[in-house]
Amino acid sequence: MKWGDILLLSRNAMNANRMRTNLTIAIITVGITALISILTVIEVLKWNIYNNLNGMGANTFTIMSKRSGRGKANMVAEPRQIISLDQALNFKKSYRFPSVISVSFLAENGSTLKYRNKKTSPNVMVMACDENYMKVSATNLLLGRNFNLREMYGNSNLCVLGYGVAKKLFTKISNAENAEISIGNIQYSVLGVMESKGASLINRMDNMVIIPLFNGAKNYPVSETSCVISALIDAQKNIDFAMGEAEGLMRSIRKLKVGKENNFALNKNDEIANTLISNIQYVTLSASVIGFITLLGAAIGLMNIMLVSVAERTREIGLAKSVGATNQVILQQFLMEAILISLTGGVLGISLGILSGNILSFIFGSPMVIPWFWILSGFAICIVVGLSAGIYPALKASRLNAIESLRYE
């Protein structure tokens, strides 16, 4: 018997038991969908992390506070070592390596902005920054201007809005320039609006408002937060030398003795990205385990259905053998049924997994991710599931005695 005939017989058998077949396909679909969708989301997150951190440039590094352990045995977290505004400004003044230095701190993480009868949700970030922040963070202005050095040291309440914030407050973005808004209970004059950087897991520039550094120190409790020092080096090849000099200067400013561990973190953008992505790998492993457990349940369900099918079709098997079907043909037919059911569920699961996983890419405005490796792996898994679930029922069916099968009621 040709493979085409075996395929046709398998399809007819599946159609004759449509309810059971569809339920098994649904179980496999759910397992593959869960696996592919979560892994697709993880690929979108990886792209988002690299895209946003690399957007600042490979020749950029940051100095910020960190938590340290009291010992490798227990790793009990000590209170955070805050980088004060005075220390950050001292670093900016004293650092001699060819670079652009920016000092900033998070003034408030959940502020509400108002303009006339419109207001934002209470989730806008208020960043207090110096005049170099936009250059170091590779941020461009859509309209208006950045504050200058004099305004950075002055007492005027000035701000630059993120694109998303401006869009919520103003009917036309062009109306934002020179408008008077309130950040919390304080009135600010808008100097400009930043270009959109899109929604992001780690980049919230669109939902941010920037105020001058010393204005932030005056209106917000800077002593309770830690400053971040960002450095844009003249060339990527000099980044390691620049970081070495920065480390020595920062240790001197913070009066650390020789041999004492740094109580601040010094990071390149690619190191931050690699750290975040290494943490995501644990999510990948968890997702894979969940998906494989679901597929194991699907394989058990498929085997159960195939065994029931063998019992119900005993007379059919006997009749097929009586007209010349060999044990090998019966074996191939039942194996083909199991693989077809598994692959049908796999195709549906992969399609739904890619679509559901890429919802995040639409939100972040990133390219659609097609995880080819996991798609091919999904098909391979489905074939393995079909073979493993179908082999025992197929062997049982092929070994039935033709005469006894014809007598079966």
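Above this note sits the structure.
Reading the values: rules and limits
- Residues numbered from 1 in each chain as written.
- Predicted model: local features only at pLDDT ≥ 70, side-chain atom pairs only at ≥ 80, totals over all residues.
- Heavy atoms only, no water.
- Helix = DSSP H or I, 4+ residues; strand = E, 2+ residues; numbered from the N terminus.
- Buried < 20%, exposed > 50% of the residue type's maximum accessible area, 1.4 Å probe, protein only.
- Contact = heavy atoms within 4.5 Å.
- Areas by Shrake-Rupley, 256 points an atom, 1.4 Å probe, with all protein chains shown as cover.
- Core = buried A, V, L, I, M, F, W, Y, C linked by side-chain atoms within 4.5 Å.
- Polar contact = N/O pair within 3.5 Å; in protein donor to acceptor, adjacent residues only side chain to side chain.
- Phe/Tyr/Trp six-rings, centres within 6.5 Å; stacked < 30°, edge-to-face > 60°.
- Salt bridge = Lys/Arg side-chain N within 4 Å of Asp/Glu carboxyl O.
- Pairing = 2+ DSSP bridges.

Colleague: What should I look at first to understand the overall build of the chain in this one?
Modeller: When its secondary structure is counted, the chain shows 14 helices and 12 strands. For the chain, the residues scored as buried account for 48% of the 409 residues in total. For the chain, contacts bridging at least 24 residues in sequence account for 78% of all contacts bridging at least 6. Accessible area of the chain: about 20700 Å², with a carbon and sulfur share of 59%.

Colleague: Is there a simple way to explain the nonpolar core in this structure?
Modeller: In terms of nonpolar packing, the biggest core is built from 66 residues, with Phe61, Ile63, Phe91, Tyr95, Leu161, Ile181 and Ile183 touching the most fellow members. The element best represented in this core is helix α8 (residues 239-253), accounting for seven residues. Discounting residues that sit within four places of it in the chain, Phe61 has contacts with Tyr95, Ile229, Ser230, Ala231, Ile233, Ile239, Ala242, Met243, Ala246, Leu266, Asn267 and Lys268. Counting 33 residues, the second-largest nonpolar core is a separate cluster that includes Leu39, Ile330, Leu340 and Ala397.

Colleague: Honestly, the side chain of Thr139 in this entry has me stumped. Any pointers?
Modeller: Relative to the helices and strands, Thr139 is located in the loop between α4 (133-136) and β6 (141-144). Assessed through its relative accessible area of 7%, Thr139 is described here as buried. Engagement of the side chain of Thr139 in a polar contact is seen with the side chain of Ser137, the distance being 2.9 Å.

Colleague: It is not clear to me how helix α3 (residues 85-94) should be interpreted in this structure. Could you clarify?
Modeller: Because each turn of an α-helix spans 3.6 residues, side chains separated by three or four positions end up pointing in the same direction. Those residues of α3 that fall on the buried side of the exposure criterion are Leu85, Gln87, Ala88, Leu89 and Phe91. Summarising the contacts, the buried residues of α3 are in contact with β1 (60-65), β2 (99-111), α7 (213-219), β11 (228-233) and α8.

Colleague: Which parts of the structure should I look at to understand the environment of Leu266?
Modeller: Inspection of the secondary structure assignment puts Leu266 in strand β12 (residues 264-268). When its relative accessible area of 18% is taken as the criterion, Leu266 is described as buried. Note: C-alpha distance between Leu266 and Ile229 (37 residues apart in sequence) is 9.5 Å.

Colleague: What exactly am I supposed to notice about the packing of aromatic side chains here?
Modeller: Here a ring pair, both rings aromatic, is described through the centre-centre distance and the interplanar angle of the planes. Overall, the coordinates contain four aromatic pairs when judged by the stated rule. Between Tyr115 and Phe170, the ring centres sit 4.4 Å apart and the planes meet at 40°, which makes this aromatic pair tilted. Here Tyr115, found in strand β3 (residues 113-115), pairs with Phe170, found in the loop between α6 (163-169) and β8 (180-183); they are 55 residues apart in sequence, far enough to count as distant. Taking relative accessible area as the criterion, Tyr115 reaches 14% and is therefore assigned buried.

Colleague: Explain the pattern of salt bridges to me, please; I cannot follow it from the model alone.
Modeller: A side chain of one charge can pair with a side chain of the opposite charge when the charged atoms of the two come close. Scanning all chains against the criterion turns up three salt bridges. Between Lys92 and Glu131 there is a salt bridge, and its shortest N-O distance comes to 3.3 Å. Of this pair, Lys92 sits in helix α3 while Glu131 sits in the loop between β5 (124-129) and α4, placing them 39 residues apart in sequence. For Arg145, the salt bridge goes to Glu151, with nearest N and O atoms at 2.7 Å. By relative accessible area, which is 10% here, Glu151 ends up buried.

Colleague: What is the right way to look at the pairing of β2 in this model?
Modeller: Residues in a regular strand point their side chains to alternate faces of the sheet. Relative to β11, β2 runs antiparallel, the two sharing six bridges. Bridging from a neighbouring strand, Ser102 pairs with Ser230 of β11. Where β2 lies against β5, five bridges are found, and the strand directions are antiparallel. Each bridged residue has a counterpart across the sheet, and for Glu108 the counterpart in β5 is Val126.

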